[in-house]
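A look at the structure
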Amino acid sequence: MTQPRMGEKTRMPPCACPYCEHTLDAASEGDTDTHGPPLQGAVSICIECANVLVFEGEPLVLRKPTPSEMREIVEAIPHVIQMVGAAHLARQIRLLEAS
Ligand SMILES: [Zn+2]
């Protein structure tokens, strides 16, 4: 696996989240030193279910990280924990607004 990184906000070919099947067609920047489209091995978080995903393939699609990749991601990108928390809070707000 390449060094895990967060990609900047960019449009991407639509693909389904492997956890919740939500169609994802954009990735948001999570790291200020990365620019351009997501790269192989870049990390993303599903806006719908807040699970961590990894970009892979050509064209890029999102897949679940392996358990060892997940440990690497948490070590290499400590702020991923805050980003997952923020995504969970955003999801809860959407659910509350819809109820
Ligand atoms: Zn999802």
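A quick note: this is a predicted structure, and the numbers were derived from the prediction, not measured.

Some thoughts on the pairing of strand S4 (residues 52-56)
- With 4 of 5 residues buried, S4 is to be regarded as a mostly interior element.
- Where strand S3 (residues 43-45) meets S4, 3 bridges bridge the pair, whose relative direction is antiparallel. Bridge pairing in S4 places serine 44 opposite leucine 53.
- Counted between consecutive antiparallel strands, the loop separating S3 from S4 contains 6 residues, among which alanine 50 sits at a positive phi close to 70°.
- As judged from the 3 bridges shared by S4 and strand S5 (residues 61-63), these two strands associate in the antiparallel manner. Counterpart to phenylalanine 55 in the pairing with S5 is leucine 62.
- As consecutive antiparallel partners, S4 and S5 are separated by 4 residues, and within that stretch glycine 57 has a phi angle of approximately 95°, a positive value.

Concerning helix H2 (residues 80-98)
- In this model H2 runs 27 Å from its N-terminal to its C-terminal C-alpha over 19 residues, within 8% of the 27 Å that 1.5 Å per residue would give.
- In terms of burial, H2 is a largely surface element, 1 of the 19 residues being buried.

What about the nonpolar core?
- With 14 residues, the main nonpolar core has Val43, Val52, Leu53 and Leu62 as its most contacted residues.
- When contributions to this core are tallied by element, the ones reaching two or more residues are S3 and S4.
- By residue number, the principal contributor to this core is S4, which donates 4 residues.

The rules behind the values
Residues numbered from 1 in each chain as written. Predicted model: local features only at pLDDT ≥ 70, side-chain atom pairs only at ≥ 80, totals over all residues. Buried ≥ 20, exposed ≤ 12 C-beta atoms within 10 Å, placed from the backbone. Helix = DSSP H or I, 4+ residues; strand = E, 2+ residues; numbered from the N terminus. Pairing = 2+ DSSP bridges. Expected span 1.5 Å × (residues − 1). Core = buried A, V, L, I, M, F, W, Y, C linked by C-beta atoms within 7 Å.

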